[in-house]
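Results of the structural survey
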Amino acid sequence: MRKSVRAPAILDAMTNAKPAVAVLGPGRLGRTLAAALEGAGYRVRLASSRTVQEAQDAADTSDVAFLTVPDAAIAGVAAVVEWRPGQLVAHCSGARGLEVLAVADQAGALIGCLHPLQSFPPDPDPARFTGITCGIEGPAPADAILAGIAADLGARTVRLEGVDRALYHAAAVLIANDAVALAAAATRATREFGYTRMWSIHPAQIRPILDALAPDARDIETASAIILAAEAVDWAPISHAGQLHDRASYRFFWQLLERAHDTGRPLPSEVRKYFSHH
């Protein structure tokens, strides 16, 4: 990826007037971003990224193009559009770096990222950008152009160069206070990475995190059977469902039952006795 870029077209467009903007992806973010840009005096064309010709037509008439599509679709959309040298192409993902725009970079376009730390409703709401923070990334002059656009929308900016995108994205979910996204992130942290505790910065986030961290009914059933069987033989090794268990695995299943109790999950009556003193 180039360290420096040639950008006479976009700089000329911004010298005398605000650049024309294409927003490719009419989802929640795309619709609100388009409305906010129009309210800030930009000429905006909102287009679907699913039709190549529609996306290309919008790109051809724009100085700046925002790809407001799902993370997994960014590289694909960037690859099917023919970009011009000096045109600015930016995605709006907090989880992806600039490598997903490699095709645009190779075509001579400026590339960057403008990621709003905000959740967006189904209906366009330009006020969602007022007072928020947007993460930006890009080589000069893309970074300055994106910072200027964010300022026109009433947003502050932070730089994303060198930032661990996975950690940044997790923090962004918390800051945006999107309960659905938060629950999904917490569930993934529990199921895939083994996290069993939480850190929350807003009361509204507590219940989604608790629900995600709580063991499911099948796990509780298995842990209960193993702990009860182990207690019956004074914690000697046992066999359950064809697998051998000893004190090491008992500790794991006991912690699972403790987590179920702490998160309010129903427990079998035979197991509830262990927590009667809580």
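Please read all numbers here as calculations on a predicted model, not as lab measurements.

Reading the values: the criteria
Positions within a chain are numbered from 1, following the residues in the order the chain's sequence is written. Predicted model: local features are reported for residues with pLDDT of at least 70 only, side-chain atom pairs are reported and counted for 80 or more only, and whole-chain, interface and lining totals are derived from all residues. No hydrogens and no water enter the side-chain calculation; it runs on all heavy atoms of the structure. We call a pair of cysteine sulfur atoms a disulfide when they lie within 2.5 Å. We call a residue buried when its accessible area falls under 20% of the maximum for its residue type, exposed when it is over 50%, and partly exposed in between, using a 1.4 Å probe and counting protein chains only. Strands are runs of DSSP state E lasting at least 2 residues, helices are runs of H or I lasting at least 4, and numbering of each runs from the N terminus. Side-chain atoms alone can form a polar contact between residues adjacent in sequence; in general such a contact is a pair of N or O atoms within 3.5 Å, and within protein one must be able to donate a hydrogen while the other accepts it. Two strands qualify as a pair provided that DSSP identifies no fewer than 2 bridges between them. Axes here mean lines fitted to C-alpha atoms, for a helix over just the part in contact, with angles spanning 0 to 180 degrees between N-to-C directions. We call two residues in contact when some of their heavy atoms are within 4.5 Å. One fewer than the residue count of a helix, multiplied by 1.5 Å, yields its expected span. What we call a nonpolar core is a set of buried Ala, Val, Leu, Ile, Met, Phe, Trp, Tyr and Cys residues that are connected through their side-chain atoms within 4.5 Å. Any angle that falls under 35 degrees is termed roughly parallel, while one over 145 is termed roughly antiparallel, one within 65 to 115 roughly perpendicular, and all others oblique. Handedness of a helix crossing follows the sense of rotation of the near helix relative to the far helix, less than a right angle counterclockwise being left-handed and clockwise being right-handed. Only one rule defines a salt bridge in this text: a Lys or Arg side-chain nitrogen within 4 Å of an Asp or Glu carboxyl oxygen.

1. Focus: the state of the cysteines
Taken as a whole, this structure holds zero disulfides when the rule is applied. For the unlinked cysteine Cys113, the closest cysteine sulfur is that of Cys92, found at 6.9 Å. Take Cys134: it sits in no disulfide, and the sulfur closest to it among the cysteines is that of Cys92, at 8.5 Å. Overall, Cys134 belongs to the buried group, its relative accessible area being 1%.

2. What to know about the side chain of Ser224
Here Ser224 lies in helix α10 (residues 217-232). With relative accessibility at 3%, the residue Ser224 sits in the buried group. In this structure the side chain of Ser224 is engaged in a polar contact, spanning 2.8 Å, whose partner is the backbone oxygen of Ile220.

3. Considering the sheet that holds strand β5 (residues 110-116)
With mixed pairing, seven strands are arranged side by side in an open sheet as β2-β1-β3-β4-β5-β6-β7. The open sheet has two edge strands, β2 (43-47) and β7 (156-159), and neither has a second partner. Geometrically, the sheet is characterised by an average inter-axis angle of 25° between neighbouring strands, direction not taken into account. Where β5 meets strand β6 (residues 133-137), four bridges bridge the pair, whose relative direction is antiparallel. Pairing of Cys113 across the sheet is with Glu137, part of β6. On the sheet, helix α6 (residues 142-152) packs against β3 (64-67), β4 (88-91), β5, β6 and β7 and is oriented at approximately 35° with respect to β5.

4. Here's the deal with helix α11 (residues 247-262)
Think of an α-helix as turning once every 3.6 residues; residues three or four places apart then point the same way. Look at α11: 22 Å from first C-alpha to last across 16 residues, which is about the 22 Å you get at 1.5 Å a residue. Those residues of α11 lying buried are Ser249, Tyr250, Phe253, Leu256, Leu257, Arg259 and Ala260. The backbone nitrogen of Ala248 lies 3.1 Å from a side-chain oxygen of the residue at the head of α11, namely Asp246. At the exit of α11 stands Gly264, carrying a positive phi of roughly 80°.

5. Notes on the nonpolar core
Core analysis: the biggest nonpolar cluster contains 29 residues, and Val21, Leu33, Leu37, Phe66, Phe129, Ile149 and Leu153 have the highest contact counts within it. Listed by contribution, the elements that provide at least two residues to this core are β1 (20-24), α2 (28-39), β3, β4, β5, β6 and α6. Look past the residues within four positions of Leu153 in its chain and what remains in contact with it is Leu33, Ala36, Leu37, Ala40, Phe129 and Thr130. Membership of the second largest hydrophobic core comes to 23 residues, among which are Ala58, Leu67, Val100 and Cys113.

6. A few points about the environment of Val81
Examined against the element boundaries, Val81 turns out to sit in the loop between α4 (74-80) and β4. On the basis of relative accessibility, which here comes to 4%, the residue Val81 falls in the buried class. With residues near it in sequence (within four places) discarded, Val81 still touches Ala55, Gln56 and Ala59.

7. Considering the packing of α10 against α11
Contact geometry for α10 and α11: axes closest at 9 Å, N-to-C directions at 125°. Between α10 and α11, the angle falls in the class oblique. Crossing handedness for the pair α10 and α11: left-handed. In this structure, α10 uses Asp219, Ile220, Thr222, Ala223, Ser224, Ile226, Ile227 and Ala230 to contact α11, whose residues at the interface are Tyr250, Phe253, Trp254, Leu256, Leu257 and Ala260.

8. Regarding the pattern of salt bridges
By the definition in use, this model includes four salt bridges. Its salt-bridge partner being Arg128, residue Asp125 comes within 3.7 Å of it at the nearest N-O pair. Residue classification places Arg128 among the partly exposed residues on the basis of a relative accessible area of 25%. For Glu161, the salt bridge is made with Arg159, and the minimal N-O distance between the two is 2.8 Å. A relative accessible area of 43% places Arg159 in the partly exposed class.

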